[in-house]
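The residues making up each chain are set out below.
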Amino acid sequence: IHPGNTPPESGYRPSAKLADFVRCRDLTCRFPGCEVPAARCDLDHTIPHASGGPTHAANLKCLCRTHHLIKT
């Protein structure tokens, strides 16, 4: 089953399969102009998990540590 078609995962941290999918999809940090490889990025919930954001491919993106810390 394609990770984008699966139901949201129950926990905060994505499974290895979902994390691999998001990194392969994004290739680099999603911050405009940033080219840090996705393999060196954090996975970030677009809608925070604490606010009800699902752990799902549609709500996850790669952000390098610098851009992740700027966001939070």
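As shown above, the structure is provided for reference.
Small disclaimer: the values here were computed from a predicted structure and weren't measured.

We now examine the overall build of the protein. Across its full length, the protein holds two helices and two strands. Tracing the protein from N to C terminus, the helices and strands come up as α-β-β-α. Computed over C-alpha atoms, the radius of gyration of the protein comes to 12 Å, within 12% of the 11 Å expected from 2.2 N^0.38 for 72 residues, which places it in the range of a compact globule. With respect to the principal axes defined by its C-alpha atoms, the protein has extents near 30 × 25 × 15 Å. Here the protein holds 72 residues, and 35% of them are scored as buried. Long-range pairs, those at least 24 residues apart, make up 53% of the contacts in the protein between residues at least 6 apart in sequence. Per element, the accessible surface of the protein, about 4600 Å² overall, is 59% carbon and sulfur. Of note, the protein has its 9 positive side-chain charges centred 2 Å away from the centre of its 6 negative side-chain charges.

A few words now on the side chain of N59. As for its position among the elements, N59 is in the loop between strand 1 (42-45) and strand 2 (60-63). A distance of 2.9 Å separates a polar side-chain atom of N59 from the backbone oxygen of P54.

It is worth spelling out helix 1 (residues 16-26) at this point. Taken residue by residue, helix 1 has L18, A19, V22 and D26 as its buried positions. Projection of helix 1 onto a plane perpendicular to its axis shows the buried side chains occupying an angular sector of 100 degrees, all on one side. Pointing more than 90 degrees away from the buried face of helix 1 are the exposed residues A16, K17 and C24. Elements that come into contact with the buried residues of helix 1 comprise strand 1 and strand 2. Remark: L27 follows helix 1 within two positions and exhibits a positive phi of approximately 70 degrees.

Calculation rules
Residues numbered from 1 in each chain as written. Predicted model: local features only at pLDDT ≥ 70, side-chain atom pairs only at ≥ 80, totals over all residues. Heavy atoms only, no water. Helix = DSSP H or I, 4+ residues; strand = E, 2+ residues; numbered from the N terminus. Rg over C-alpha atoms; globule rule 2.2 N^0.38 Å. Buried < 20%, exposed > 50% of the residue type's maximum accessible area, 1.4 Å probe, protein only. Contact = heavy atoms within 4.5 Å. Areas by Shrake-Rupley, 256 points an atom, 1.4 Å probe, with all protein chains shown as cover. Lys, Arg positive; Asp, Glu negative; His and termini not counted. Charge placed at Lys NZ, Arg CZ, Asp CG, Glu CD. Polar contact = N/O pair within 3.5 Å; in protein donor to acceptor, adjacent residues only side chain to side chain. Arc of directions from axis to C-beta.

Treat this as a map of the structure, not an account of what it does.
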